[in-house]
Structure formats: C-alpha cells, structure tokens
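Fold and contact review
Letter by letter, the chains look like this.
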Amino acid sequence: MKFSRTSIFAFIAFLTINSLVFSQPGFIEVNQTKIEVLLAGMENKNSGKPTIVFENGRATKLDFWTNIIDEVSKECPVFAYNRPRIGQSEDDSLLPTMKHIVTNLRKMLLKKDLNPPYLLVGHSFGANYIRSFASLYPDEVAGLIFADPHDFTKKKGMGRLPYEKIGITEHQIDSIFASFKYFKEKYKSTMPRHVLMEMEVATTINDSGYAQCTRNPLPDVPVHFIQAGGFRTNENRVTPYDQEEMFRLNSTLKRNRWLELLYPLSYGRFFYSTKTRHYVQKDDPELIINSIEMALDDYQEIQNNKNNPQ
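So, here is what we can say about the structure in this document. (Residues numbered from 1 in each chain as written. Predicted model: local features only at pLDDT ≥ 70, side-chain atom pairs only at ≥ 80, totals over all residues. Heavy atoms only, no water.)

**Describing the overall build of the chain**
Keep this limit in mind: A run of DSSP states H or I qualifies as a helix once it reaches four residues; a run of E qualifies as a strand once it reaches two. Both are numbered from the N-terminal end. As defined in this context, the radius of gyration uses C-alpha atoms, and a globule is described by 2.2 Å times the residue total to the power 0.38. Throughout this description, buried means an accessible area under 20% of the type-specific maximum (1.4 Å probe, protein chains only), exposed means over 50%, and partly exposed covers the range between. Per-residue and other accessible areas follow the Shrake-Rupley method at a 1.4 Å probe size, with only the shown protein chains counted as cover for residues. In this count, Lys and Arg are taken as positive residues and Asp and Glu as negative ones, while His and the chain termini are left out. A charge is said to be at NZ when it belongs to Lys, at CZ for Arg, at CG for Asp and at CD for Glu.
Each helix and strand counted, the chain has 11 helices and eight strands in total. Taking 310 residues into account, the globule formula puts the C-alpha radius of gyration at 19 Å, and the chain, at 21 Å, falls close to it. Dimensions along the principal axes, computed over C-alpha positions, put the chain at roughly 75 × 55 × 45 Å. Counting across all 310 residues of the chain, residues that qualify as buried make up 44%. As displayed, the chain has an accessible area near 16300 Å², and 52% of this comes from carbon and sulfur atoms. Side-chain charges of the chain comprise 38 positive and 36 negative groups, with the mean position of each set lying 4 Å from the other.

**Things to note about a nonpolar patch on the surface**
Worth spelling out the cut-off: Patches were defined on residues exceeding 30% relative accessible area and lacking a salt bridge, with like-charge contacts within 9 Å and nonpolar side-chain contacts (Val, Leu, Ile, Met, Phe, Trp, Tyr) within 5 Å. Whenever a carboxyl oxygen of Asp or Glu lies within 4 Å of a side-chain nitrogen of Lys or Arg, that contact is scored as a salt bridge.
A surface patch of nonpolar side chains, amounting to about 340 Å² of accessible area, comprises Tyr 182, Phe 183 and Tyr 187. Tracing the backbone shows Tyr 187 in helix 6 (residues 170-187).

**Observations concerning the side chain of Ser 132**
This is how the line gets drawn: Counting of polar contacts relies on pairs of N or O atoms within 3.5 Å, with two restrictions inside protein: one atom must be capable of donating a hydrogen and the other of accepting it, and residues adjacent in sequence are counted only when both atoms are side-chain atoms.
Tracing the backbone shows Ser 132 in helix 4 (residues 126-136). A distance of 2.9 Å separates a polar atom in the side chain of Ser 132 from the backbone oxygen of Asn 128.

**Here we look at the nonpolar core**
Keep this limit in mind: Grouping buried Ala, Val, Leu, Ile, Met, Phe, Trp, Tyr and Cys residues that are joined through side-chain atoms within 4.5 Å yields what is termed a nonpolar core. We call two residues contacting when some pair of their heavy atoms lies within 4.5 Å.
Counting residues in hydrophobic clusters, the biggest one holds 39 residues, and the most contacted among them are Phe 79, Tyr 81, Met 108, Leu 120, Leu 144, Phe 146 and Val 223. Considering every element that reaches this core, the biggest residue donor is helix 3 (residues 98-111), with six residues. Setting aside residues no more than four positions away along its own chain, Phe 146 makes contact with Gly 122, Ala 127, Ile 130, Arg 131, Phe 152, Leu 218, Val 223, His 224, Phe 225 and Ile 226. One finds Ile 52, Ile 68, Cys 76 and Ile 289 within the second-largest nonpolar core, a separate group that totals 26 residues.

**With respect to the packing of helix 3 against helix 4**
To keep it simple, the criterion reads: Note on definitions: angles span 0 to 180 degrees between N-to-C directions of axes, and those axes are lines fitted to C-alpha atoms, for helices only across the stretch in contact. Every angle not falling under 35 degrees, over 145, or within 65 to 115 is termed oblique; those three ranges are roughly parallel, roughly antiparallel and roughly perpendicular.
Where helix 3 meets helix 4, the axes come as close as 9 Å, and the angle between the chain directions of the two elements is 75°. In terms of axis orientation, helix 3 runs roughly perpendicular to helix 4. In contact with Met 98, Ile 101, Val 102, Leu 105 and Arg 106 of helix 3, helix 4 contributes Asn 128, Tyr 129, Ser 132, Phe 133 and Leu 136.

**Notes on the pairing of strand 5 (residues 118-123)**
The line we're drawing: When DSSP finds two or more bridges between a pair of strands, those strands are recorded as paired.
Where burial is concerned, most of strand 5 is hidden: six out of the six residues are buried. Going residue by residue along strand 5, you find Tyr 118, Leu 120 and Gly 122 tucked away on one face and Leu 119, Val 121 and His 123 tucked away on the opposite face as well. Bridge count between strand 3 (residues 51-55) and strand 5: five bridges; the pairing is parallel. Paired with Thr 51 across the two strands is Tyr 118, which belongs to strand 5.

**Regarding a negative patch on the surface**
Residues Glu 286, Glu 293, Asp 297 and Glu 301 make up a contiguous surface patch of negative charge. Relative to the assigned elements, Glu 286 resides in helix 11 (residues 285-307). The class for Glu 286 is partly exposed, based on a relative accessible area of 45%.

**Details of the side chain of Thr 276**
Turning to its location among the elements, Thr 276 is positioned in the loop between strand 8 (268-273) and helix 10 (280-283). With residues near it in sequence (within four places) discarded, Thr 276 still touches Ala 228, Gly 229, Gly 230, Asp 283 and Asp 284.

**Considering the environment of Pro 222**
Within the fold, Pro 222 resides in the loop between helix 8 (208-213) and strand 7 (223-228). On the basis of relative accessibility, which here comes to 0%, the residue Pro 222 falls in the buried class. A C-alpha to C-alpha distance of 21 Å links Pro 222 and Asn 46, two positions 176 residues apart in sequence. Not counting residues within four places of it along the chain, the set of residues in contact with Pro 222 comprises Ala 142, Gly 143, Leu 144, Tyr 267, Ala 295, Asp 298, Tyr 299 and Ile 302.

**Comments concerning the packing of aromatic side chains**
For clarity, the cut-off: Whether two aromatic rings pair depends on their centres lying within 6.5 Å, for rings of Phe, Tyr and Trp, where Trp uses its six-membered ring; planes under 30 degrees apart make the pair stacked, over 60 edge-to-face, and the rest tilted. The criterion for a charge sitting over a ring is simple: Lys NZ or Arg CZ within 6 Å of the ring centre, and within 35 degrees of the ring normal.
Summed over all chains, the structure comprises 16 aromatic pairs. Ring centres 5.2 Å apart and planes at 75° place the aromatic pair Tyr 182 and Phe 183 in the edge-to-face group. Across from the ring centre of Phe 27, 4.8 Å away, lies the NZ or CZ of Lys 34, which sits over that ring. If you follow Arg 255 out to its NZ or CZ, it ends over the ring of Tyr 272, 5.1 Å from the centre.

**Concerning the pattern of salt bridges**
All chains considered together, the criterion is met by 16 salt bridges. Note that Asp 91 is salt-bridged to Arg 193, the shortest N-O span being 2.6 Å. Here the residue Asp 91 occupies a position in the loop between strand 4 (78-81) and helix 3, and Arg 193 occupies one in helix 7 (residues 193-202), the gap between them amounting to 102 residues. Through salt bridges with shared partners, one network takes in Arg 85, Asp 91, Asp 92 and Arg 193.

**Things to note about the pairing of strand 6 (residues 141-147)**
Rules: The definition of a right-handed crossover adopted here requires that, viewed with the strands pointing away, the path from the first strand over the helix to the second runs clockwise.
With seven of seven residues buried, strand 6 is to be regarded as a mostly interior element. Following the chain from strand 5 across helix 4 to the adjacent parallel strand 6, one finds a crossover that is right-handed. Alignment of strand 6 against strand 7, held across four bridges, turns out to be parallel. Opposite Leu 144, over in strand 7, you have Val 223 as the bridge partner.

Okay, here's the thing in structure tokens:
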C-alpha cells in the first residue's frame, strides 16, 4: 500500500495533536515563580475518578514517572511537577518545607481546575510531602501510595536503633554518626542549591518536620506502602558490620512501623519487592501501576458503599 506525502503529513499532524491533548508539559506560575508541570489524561477529568498526583523524590525530576504516567493517564487525569529549583522550575528562594510545598501543590491543582479528591503517589522524600498533604487536607485525599518512602515514622533518636541491634559499641556508633556529619559538611560547597535545600529540610523531618507530617492520623482511604528490598554491597565503603545484615535489619524496623499505621485502616496494603532497589518507579514501574489500579478500585468500592449503604 502506498501513501501520498499529504496523507503522511496529515497522519504525523494527527499524532502530534493527540500527544499534546493527552500529555501537556508546561508551566504554572505560583507566587511569582514559574513551576514546570506535566498534565496528562485531561480528557478523563470529568470521569468521576480521582486525579493522580505524583510527588518526586529528593532532588529528582518528574521524568522518573514517565512510564507510569503513560499508563495510568489512560483512565485518570494526572498531575506531575518539579519542585522549585528542579528541572525547569524557577527558584523561589524559600526552603521546601512541608507546609510550603503542600500549599503550592494545592494552589497549582486548583489553578488547573483539578479539584479533589486526589490519589497521591510519593517516592522517597516526596512521600513526606504527600503524608503532610493528607495531614493538612484529609478530606481531599482519595488514597496514598508511599513508594520506598523517606521514613516519616522515625522520630528523633531512632537512627541509632539499627546500629544498637546489630551489636556494635556506642563508641563505634558515635564514630559512624560523626563521619556522616563530616562528609555532609565536606561536600556542602559542591552540592547544587536544590539538593542542599532539600537536604536541609530532610535532616529536620524527624524532628520539627515530624509534627507537620503527622499532625492528623492517616485518613481511612486506600493507603499503600511499597518497600524496596533489593540490596547491593557498597564495595567502596568499609563498615564494622555486615552491610546486608544492616540493610535487612533497618528495613524490618521501618516495615514494622509502617504496618502499625496500616492496621487501623480498612484498605491498607503493603508490598515488598526484592526485585527493586530504591528507585522503584524505574526498576519495577508495573508494581506502582498495579498499586495505583488497586487503590482506584478500592476507592470506587468506598464510593459505592457510601451511595448504597447496606
């Protein structure tokens, strides 16, 4: 079969137009600052399904979600963005505290006429932001998916616990923490500004930031924890303990705290994958896609039960 040049150009134009309809990168101005955003699945905005909102890990870009967004936007509207100083987003000169980022996120969603409820998906440090969103605006949340989260359940002083359990001395633990502090200070001058500012917030998350994350209990909506169980020895690091044993021990401590949060909920789920390391959305995007689909099904069941009480 032969195609004319005109028909080929028309087909290319059709694909281009449709890609613009279904995936719309661009910018939103919030407080005089341009923020890079990606909208997808906007044709599903009035479908009655929640908007899926992605919150990136520390200092990472929205590109990490691409494969997942391509799939889930077939059924739901999707919103992803880069926090200030990341990607093409401008610097707003403010620390990315929990309240600041959550307030900005909500403003952007409403500015794009994306009204609640929201299914929030956060990776790593981004999980702290969606936990804070749920604490500040629990009635606007349709579900929460924490993908290998920065541990917002770890309170001040808990960092020593895995080292104590593995059996090394207090002096060794003090030396390890001193080395952490030394290398952090050493490399501060070479770190990009966006990394440095998010690190500053991250170091306080289990102190003052803890209260912001957990001001209110988790809403009784679908809540999923996805924990990465993949391990690789760091050959460049000499430690007074077995690295894999420490990884497994620390994972268990976190997992137990996360499960405690799920027990009171009607639709809590926990996923553990030895296939993935920390970047779950890259190593196993299908796992996050399946989690999102299950959360959407459970959300729909909740709505059906409300509308048709027994």
